[in-house]
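In case you want the letters, here they are:
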Amino acid sequence: MKYSGIGGQAVIEGIMMKNGDDYATAVRKPDGQIEVEKDRYVSLTERVKFFSLPFVRGVFSFADSMIIGMRTLTWSASFFEDDEDSEPGKFELWLDRVFGEKLETALMSLVMVFSVVMAIGIFMVFPMLLSRVLKQVIPSETVMAILEGVLRILIFIGYIKLISRMEDIRRTFMYHGAEHKCINCIEHGLPLNVENVRRSSKEHKRCGTSFLLIVMVISILFFMVIRVDSLWLRILSRIVLIPVIAGVSYEFLRLAGRSDSRLVDILSRPGLWMQGLTTSEPDDSMIEVAIHAVETVFDWRAYLAENFPEQEIPAEKIPAEKILAEKILAGKTSGESFSQGNGAAEQSAAESIRAEKFSDSRPVEAG
Ligand SMILES: [Zn+2]
């Protein structure tokens, strides 16, 4: 396995893939076409030197992925807005008049702050309060810390199980699987096509789900050592220590993502198991969307040629239709959003290329 440096997130009916400062979001629109948007985001860890220091960078790269996540999620959601009751209400009109352009940014920030506060309440403070109920029965503070940690993980699993009953979330988890499978496909030296992606694993060590589990496990160790008597201090410690715990957890995940050692492998396993809850097997149309996102920001042919010289890389065939499609794709460099194939001719050209690209999947040795 070779580290490729790409990472991504699932959005609504699509995938965001990031490589360095570039990121691309591909969405399957209601009309069946794939829309890709390429953009740049210079991460906080790059903008401020201090933010990139070990144990500090974890918090800021988490913030980075929240920011990109919200941006791309909002973009993807814009394709699925209900147009049926598009008549804006009086309140909406008033909001629009008072806040104008800033409204969306303000609402997004509000949603982000609200979700962070809710998450801290439900996953950090609540398990602690719940475990204190058994304080009379369990005299050992060490056992209490473990109990709190176990409750935290159980609440998290329950939450995932609950939201995965929603159809939208269920599909998002399938796209999440597609994202991992694409990265695994490339990092195991296989040419990126639907066939190879389908057979790649849907679990990946460098994943947000693993990160959250590591945070929960490491917080057990933290709260075993840090003991305070007052309830308020205990609640406060569950809040102010989050950045510290997240910082430590990030370093572990980073190490795990680049290492092939057996110990790291064993330690990564619970996280991979947890990913079983947040990823599902995608269908081919989802894989196709994910491949679009990858190819917009990452030259996998160059990567394979450099890291897997023994791998035969299928040459890009250039039929006449392909040249036509190339012209369409050329529009993508400006950071503007572009649609794959607008006219009927372009559409059919793009279709035939897609069909061709996916048909040259000769059997390849895995790993
Ligand atoms: Zn993931």
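Trainee: I keep staring at the overall build of the protein chain and nothing clicks. Help me out?
Mentor: Broken down by element type, the protein chain carries 15 helices and five strands. By sequence separation, contacts in the protein chain at least 24 residues apart represent 70% of the contacts at least 6 residues apart.

Trainee: Any chance you could explain the pairing of strand E1 (residues 6–11) here in plain terms?
Mentor: In regular strands, side chains alternate between the two faces of the sheet. With five of its six residues buried, E1 lies for the most part within the structure. The sheet contact formed by E1 and strand E2 (residues 14–19) spans six bridges and is antiparallel. Bridge pairing in E2 links Gly7 to Lys18. In textbook terms, the turn of a hairpin is the stretch between consecutive antiparallel strands, and for E1 and E2 this stretch comprises two residues, one of which, Glu13, has a positive phi near 55°.

Trainee: Can you help me understand the packing of helix H5 (residues 141–163) against helix H8 (residues 208–225) in this one?
Mentor: Working note: a packed helix pair is described by the angle between its axes plus the distance between those axes. Look at H5 against H8: their axes get within 8 Å of each other, and the N-to-C directions meet at 165°. Taken together, H5 and H8 sit at an angle that is classed as roughly antiparallel. In this structure, H5 crosses over H8, and the sense of that crossing is right-handed. Here H5 contributes Thr142, Ala145, Ile146, Glu148, Gly149, Arg152, Ile153 and Phe156 to the contact with H8, which in turn contributes Leu212, Met216, Val217, Ser219, Ile220, Phe223 and Met224. The residue makeup of the contact of H5 with H8, split by class, is ten nonpolar, three polar and two charged.

Trainee: Would you take a moment to explain helix H11 (residues 262–278) for this structure?
Mentor: Structurally, the α-helix is built with 3.6 residues per turn, so residues lying three or four positions apart point the same way. The end-to-end C-alpha distance of H11, which contains 17 residues, comes to 25 Å, matching closely the 24 Å that a straight helix rising 1.5 Å per residue would cover. Taken as a whole, H11 carries its principal kink of about 35° at Arg269; the proline Pro270 stands between one and four residues after it. By the burial criterion, the buried members of H11 are Ser268, Gly271, Leu272, Met274, Gln275 and Thr278. Contacts made by the buried residues of H11 are with H5, helix H6 (167–187), H8 and helix H10 (242–258).

Trainee: Would you take a moment to explain the environment of Gly14 for this structure?
Mentor: Mapped onto the elements, Gly14 comes out in strand E2. As for Gly14 and His292, which are separated by 278 residues in sequence, their C-alpha atoms are 9.9 Å apart. Non-local contacts of Gly14, meaning those with residues more than four positions away in its chain, are made with Thr25, Ala26, Val27, Arg28, Ser76, Tyr175 and Val289.

Trainee: How do you make sense of the nonpolar core when you look at a structure like this?
Mentor: Soluble, globular proteins show a tendency: their nonpolar side chains are buried together. Residues Ile15, Met17, Ala26, Cys182, Ala290, Ala293 and Val294 are the most contacted members of the largest nonpolar core, which totals 33 residues. Mapped by element, the contributors of at least two residues to this core are E1, E2, strand E3 (22–28), strand E4 (34–40), H6, helix H7 (194–199), helix H12 (284–297) and helix H13 (300–307). Looking at which element gives the most residues to this core, the answer is H12, with eight residues. Core analysis: the next-biggest nonpolar cluster, separate from the first, contains 19 residues, Phe156, Phe211, Ile242 and Ala246 among them.

Trainee: Which parts of the structure should I look at to understand the pairing of E2?
Mentor: Within E2, five of the six residues are buried, which leaves the element mostly enclosed by the surrounding structure. When E2 meets E3, the two strands line up antiparallel, connected through six bridges. Paired with Asn19 across the two strands is Asp22, which belongs to E3. Connecting E2 to the next strand, E3, in antiparallel fashion are two residues, including Gly20 with a positive phi near 65°.

Reading the values: the criteria
- Residues numbered from 1 in each chain as written.
- Predicted model: local features only at pLDDT ≥ 70, side-chain atom pairs only at ≥ 80, totals over all residues.
- Helix = DSSP H or I, 4+ residues; strand = E, 2+ residues; numbered from the N terminus.
- Contact = placed C-beta atoms within 7 Å.
- Buried ≥ 20, exposed ≤ 12 C-beta atoms within 10 Å, placed from the backbone.
- Pairing = 2+ DSSP bridges.
- Axes fitted to C-alpha atoms, helices over the stretch in contact; angles between N-to-C directions.
- Parallel < 35°, antiparallel > 145°, perpendicular 65-115°, else oblique.
- Left-handed = near helix turned anticlockwise from the far one by under 90°.
- Nonpolar A, V, L, I, M, F, W, Y, C, P; charged D, E, K, R; others polar.
- Expected span 1.5 Å × (residues − 1).
- Bend = angle between axes of the 7 residues up to and from the residue.
- Core = buried A, V, L, I, M, F, W, Y, C linked by C-beta atoms within 7 Å.

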